[in-house]
Amino acid sequence: MRKETAILIGLSSYKQKEGVVKEYMDELEFLALTSGAVSKKRFIQKLHPAHPSTFVGKGKINEIKEYVKTHDIDIAIFDDDLTPSQIRNIEKILECKILDRSNLILDIFATRARTAHAKTQVELAQYQYLLPRLTRMWTHLERQKGGIGMRGPGETQIETDRRIIGQKISKLKEKLLKIDKQKSAQRNNRGALVRVALVGYTNTGKSSLMTLLSKSEVFVENKLFATLDTTVRKVVIKDIPFLLSDTVGFIRKLPHQLVESFKSTLDEIREADILVHVIDISSSTFEDQITIVNETLLEISKTQKAMILVFNKIDKLEKNKINELNETWMAKLNNKSLFISVLKKTNISELKKELYKIVSKIHKKRFPFNSNIYN
Ligand code: GDP
Ligand code: MG
């Protein structure tokens with residue numbers, strides 16, 4: 001089958017550095033690729049804020065229209081969320097599928113969801129995303145639930161659809177509540193073992209680190225959001241057992257609905273004793289990524305936890321840069337920070353030592369008489 005072709009459209013503000021915009025667009029292209037589209041061209045305009053009716057300016061949108069026509073483009077992907085009226089206007093001009101970043105992320109999540117839990121969460125997020133945008137979308141919706149009693153006099157199709165979606169949302173919420181109860185029971189059954197959660201931006205190496213530390217295969221892929229469900233493994237370092245969980249990665253402009261409906265998946269993070277924040281130090285926007293992860297973490301849980309910062313992929317840095325690392329702010333944090341490479345297994349024993357230090361402290365507090373009993 002022919003892959004769908006896409007163009008990417010983003011804005012840069014005057015303050016932003018060139019490299020940052022490029023990195024954002026790279027990420028958008030990666031998202032497009034993950035969802036199966038080939039990106040043919042990027043259109044970036046220096047404009048802030050976005051044009052209220054066409055996102056980019058009039059001249060730019062016509063330039064894009066020309067390109068879409070001559071190159072037979074299937075999808076125009078915008079780096080920011082579009083308003084319903086922007087979508088309507090742009091669709092009229094470009095005459096191709098219009099997606100924004102949230103669409104793309106939701107779409108990827110939908111294809112990645114494997115368990116009933118993840119599927120329900122994604123479906124809920126999709127309906128919540130759809131609800132305020134119904135003005136354009138109503139024609140695409142199933143309407144089998146209409147009919148007697150549903151379509152009161154004068155009620156428009158949009159209102160009907162809005163009601164159907166509202167009902168779906170409450171059904172999904174009920175279903176989630178049930179699953180959450182089961183999950184929470186499962187977690188309680190695990191006992192009082194110390195819990196460590198791997199957190200971080202998407203594609204930083206969390207699952208790879210999980211595989212390495214737990215010596216069991218966890219799905220690793222050079223794609224965004226390879227892992228949607230949390231995996232939990234028991235790990236023993238020296239004489240201390242603990243539970244290690246791999247969690248879904250975060251990303252810039254993660255749709256708010258997604259964070260909301262994934263809160264139960266993120267329970268693993270909320271209930272963890274220790275967070276290991278995995279960072280891809282080879283990314284030129286890794287500092288941005290740290291901020292985004294910290295902000296998302298705050299949204300999930302207000303309590304501060306012990307955190308180890310793990311700067312991964314140092315194998316991708318040049319030699320002289322590695323030598324300089326110990327002089328950087330990263331090495332001087334209150335939180336323990338480590339520079340590692342999962343791929344080359346560099347500094348993994350240091351990481352284990354650090355984990356052991358923190359885990360055993362909590363473990364010994366919880367099991368004061370026999371630290372080995374739950375082995
Ligand atoms: P996750 O999304 O955080 O779970 O990341 P994954 O563990 O799935 O890894 C994402 C990609 O980064 C994969 O292609 C890994 O092989 C790669 N990767 C992980 N650790 C390292 C590392 O230390 N060095 C390099 N060069 N690549 C790595
Ligand atoms: Mg993963």
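The structure under discussion appears in the preceding block.
What comes next is a walk through the structure. It should be emphasised that the depicted structure is a prediction, and the values quoted were computed from it without experimental measurement.

**Description of the pairing of strand E1 (residues 4-12)**
By the criterion of burial, E1 is predominantly enclosed, with 8 of the 9 residues buried. Where E1 meets strand E2 (residues 37-46), 9 bridges bridge the pair, whose relative direction is parallel. Bridged to Ile9 within E2 is Phe43.

**A short note on the packing of aromatic side chains**
With the rule as written, the count across this model stands at 4 aromatic pairs. Between the aromatic rings of Phe43 and Tyr67, the centroid separation amounts to 5.7 Å while the plane-to-plane angle is 75°, which identifies the pairing as edge-to-face. Of this pair, Phe43 sits in strand E2 while Tyr67 sits in helix H2 (residues 58-71), and the two are 24 residues apart along the sequence. For Phe43, a relative accessible area of 3% corresponds to the buried category. Lying across the ring of Tyr356, Lys238 places its NZ or CZ 4.2 Å from the centre. Here Arg252 stacks its cationic end above the ring of Tyr24, 3.4 Å away from the centre of that ring.

**Focus on the site of ligand 1**
For ligand 1, the set of nearby residues contains 16 residues, the closest of which are Asn203, Lys206, Ser207, Ser208 and Asp315. Contact distances for ligand 1 include 3.0 Å between an oxygen atom and a side-chain N or O atom of Asn312. Between an oxygen atom of ligand 1 and a main-chain N or O atom of Val342, the distance comes to 2.9 Å. Coverage of ligand 1 by the protein amounts to 87% of the 580 Å² it exposes when considered alone. Considering each element in turn, the shell around ligand 1 owes the most residues, 3 residues, to helix H8 (residues 206-214).

**Let's talk about the packing of H8 against helix H13 (residues 348-366)**
For the pair H8 and H13, interaxial distance at closest approach is 12 Å and the crossing angle is 80°. The pairing of H8 with H13 is recorded here as roughly perpendicular in orientation. Listed contacts from H13 to Leu209, Leu212 and Leu213 of H8 are Ile348, Leu351, Lys352 and Leu355.

**Focus on the nonpolar core**
Core analysis: the largest hydrophobic core is formed by 52 residues, its most contacted members being Ile77, Ile281 and Phe311. Of the residues forming this core, the biggest block, 6 residues, is contributed by helix H11 (residues 286-300). Apart from residues no more than four positions distant in its own chain, Ile77 is found in contact with Ala6, Ile7, Leu8, Ile9, Leu28, Ala32, Leu99 and Leu104. Counting 25 residues, the second-largest nonpolar core is a separate cluster that includes Val194, Leu198, Leu212 and Leu351.

**With respect to the side chain of Lys313**
In this structure, Lys313 sits in the loop between strand E9 (306-312) and helix H12 (319-324). Leaving out residues up to four positions away in the same chain, Lys313 has contacts with Asn203, Thr204, Asp280, Ile281, Ser282, Ile340 and Ser341.

**Side note on the sheet that holds strand E3 (residues 75-78)**
Strands sit in the order E2-E1-E3-E4 across an open sheet of 4 strands; the sheet is parallel. A single partner strand is all that each edge strand has here, and the edge strands are E2 and strand E4 (97-100). Averaged over all pairs of adjacent strands, the angle between their axes in this sheet comes to 25°, without regard to strand direction. With 4 bridges connecting them, E1 and E3 associate as parallel partners. Opposite Ile9, over in E3, you have Phe78 as the bridge partner. The strands touched by helix H4 (residues 101-112) within the sheet are E3 and E4, with E4 carrying the most contacts at an inclination of about 85°.

So, how was this worked out
Residues numbered from 1 in each chain as written. Chains lettered and ligands numbered in written order. Predicted model: local features only at pLDDT ≥ 70, side-chain atom pairs only at ≥ 80, totals over all residues. Heavy atoms only, no water. Buried < 20%, exposed > 50% of the residue type's maximum accessible area, 1.4 Å probe, protein only. Helix = DSSP H or I, 4+ residues; strand = E, 2+ residues; numbered from the N terminus. Pairing = 2+ DSSP bridges. Phe/Tyr/Trp six-rings, centres within 6.5 Å; stacked < 30°, edge-to-face > 60°. Lys NZ or Arg CZ within 6 Å of the ring centre and 35° of its normal. Near = heavy atom within 4 Å. Polar contact = N/O pair within 3.5 Å; in protein donor to acceptor, adjacent residues only side chain to side chain. Areas by Shrake-Rupley, 256 points an atom, 1.4 Å probe, with all protein chains shown as cover. Axes fitted to C-alpha atoms, helices over the stretch in contact; angles between N-to-C directions. Parallel < 35°, antiparallel > 145°, perpendicular 65-115°, else oblique. Contact = heavy atoms within 4.5 Å. Core = buried A, V, L, I, M, F, W, Y, C linked by side-chain atoms within 4.5 Å.

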